[in-house]
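Structural description and commentary
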Amino acid sequence: MTTGGQVRLQLLGPVLIAGADGKRPSAPARATEAIAFLALHPWDDHTLLDEAMWPGQRVRATNRSVLMHQARTWLGTDEHGRPHVGLVAEEGYRLHQVDVDVARFRELVTTSSRSASSTALTQALRMVKGQPLSGVNPARYTWADVDRQELISQIAAAAEELTQRALA
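Calculation notes
- Residues numbered from 1 in each chain as written.
- Predicted model: local features only at pLDDT ≥ 70, side-chain atom pairs only at ≥ 80, totals over all residues.
- Heavy atoms only, no water.
- Helix = DSSP H or I, 4+ residues; strand = E, 2+ residues; numbered from the N terminus.
- Buried < 20%, exposed > 50% of the residue type's maximum accessible area, 1.4 Å probe, protein only.
- Polar contact = N/O pair within 3.5 Å; in protein donor to acceptor, adjacent residues only side chain to side chain.
- Contact = heavy atoms within 4.5 Å.
- Pairing = 2+ DSSP bridges.
- Axes fitted to C-alpha atoms, helices over the stretch in contact; angles between N-to-C directions.
- Parallel < 35°, antiparallel > 145°, perpendicular 65-115°, else oblique.
- Nonpolar A, V, L, I, M, F, W, Y, C, P; charged D, E, K, R; others polar.
- Expected span 1.5 Å × (residues − 1).
- Salt bridge = Lys/Arg side-chain N within 4 Å of Asp/Glu carboxyl O.
- Left-handed = near helix turned anticlockwise from the far one by under 90°.

Here we look at the side chain of Glu-33
With respect to the helices and strands, Glu-33 occurs in helix H1 (residues 28-40). On the basis of relative accessibility, which here comes to 1%, the residue Glu-33 falls in the buried class. Polar side-chain contacts of Glu-33 include one of 2.8 Å to the side chain of Trp-143. Those residues within four positions of Glu-33 in sequence are excluded, and the remaining contacts are Ala-52, Met-53, Arg-140, Tyr-141 and Trp-143.

Quick look at the structure:
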């Protein structure tokens, strides 16, 4: 595993991973999807990951372990040697020290676009590179339908609020 890279995950547009300096998996699209799921659903329970990645199927622990090992090896470790894809509970996973644009967007917009400063709204909207969670295989990411709609609503609210301020 490599050490010290800053991994960035773009979800506010085409799904992309940058800064992963470990061994690229043979099926990077699957690993990317698992990483995107963990970024948007940081729970400790692996059953949610299983349902997202293998909808309607009974999942063997070895299948999940192989996929998560590929994701962990690909993203590598932070400057302290801690894996970017960490095992939290016996079978739960969570991202660690991964710069996720959605998290930064939500920090800037806070709980309401109205309470965010115009500077924060502008910075948040500059992160949007297209339709959230786009550029993926349409047969995959079925778990992301609600996430996609929530993100579109948050982006639209931020844009509307900034537009209203500019017009005022």
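Having put the structure on the table, let's press on.
Notes on the side chain of Arg-148
Mapped onto the elements of the fold, Arg-148 is located in helix H6 (residues 145-167). Exposure remark for Arg-148: the relative accessible area of 13% places this residue in the buried category. At a separation of 3.3 Å, a polar atom in the side chain of Arg-148 contacts the main-chain carbonyl oxygen of Pro-132. Ignoring anything within four residues of it in the chain, the contact list for Arg-148 reads Gln-131, Pro-132, Leu-133, Val-136 and Tyr-141.

Details of the pairing of strand E1 (residues 7-10)
When E1 meets strand E5 (residues 98-100), the two strands line up parallel, connected through three bridges. Residue pairing across strands places Arg-8 opposite Asp-99, the latter belonging to E5. Strand direction decides the pairing type here: E1 and strand E2 (residues 16-18), joined by three bridges, are antiparallel. By the bridge assignment, Leu-9 is partnered in E2 with Ile-17. Taking the residues that link successive antiparallel strands as the turn, the E1-E2 hairpin has five residues, and the phi of Gly-13 there is positive, at about 145 degrees.

Observations regarding the packing of H1 against helix H3 (residues 61-75)
Interaxial distance between H1 and H3 falls to 9 Å at its minimum, and their mutual angle equals 85 degrees. Between H1 and H3, the interaxial angle falls into the category roughly perpendicular. Of H3, the residues touching H1 (which contributes Pro-28, Arg-30, Ala-31, Thr-32, Ala-34, Ile-35 and Leu-38) are Leu-67, Met-68, Ala-71, Trp-74 and Leu-75. For the contact of H1 with H3, the residue count by class is ten nonpolar, one polar and one charged.

With respect to H1
The terminal C-alpha atoms of H1 lie 18 Å apart, and with 13 residues this matches the ideal 18 Å at 1.5 Å per residue to within 8%. Restricting attention to buried positions, one finds in H1 the residues Pro-28, Ala-31, Thr-32, Glu-33, Ala-34, Ile-35, Ala-36, Phe-37, Leu-38 and Leu-40.

Let's talk about the pattern of salt bridges
Applying the stated rule across the entire model yields six salt bridges. Arg-140 is paired through a salt bridge with Glu-33; the nearest N and O atoms lie 2.8 Å apart. Note that Arg-140 is positioned in the loop between helix H5 (118-126) and H6 and Glu-33 in helix H1, a separation of 107 residues in sequence. Where Glu-161 meets Arg-165, a salt bridge forms, and the shortest distance between an N and an O atom there is 2.9 Å.

Description of the packing of helix H4 (residues 101-109) against H5
Running from N to C, H4 and H5 point in directions that differ by 160 degrees, and their axes come no closer than 8 Å. In this view, H4 runs roughly antiparallel relative to H5, as classed from their interaxial angle. Where H4 crosses over H5, the two elements pack in a sense that is left-handed. For the pair formed by H4 and H5, the contact residues are Phe-105, Leu-108 and Val-109 on the first element and Ala-120, Leu-121, Gln-123, Ala-124 and Leu-125 on the second.

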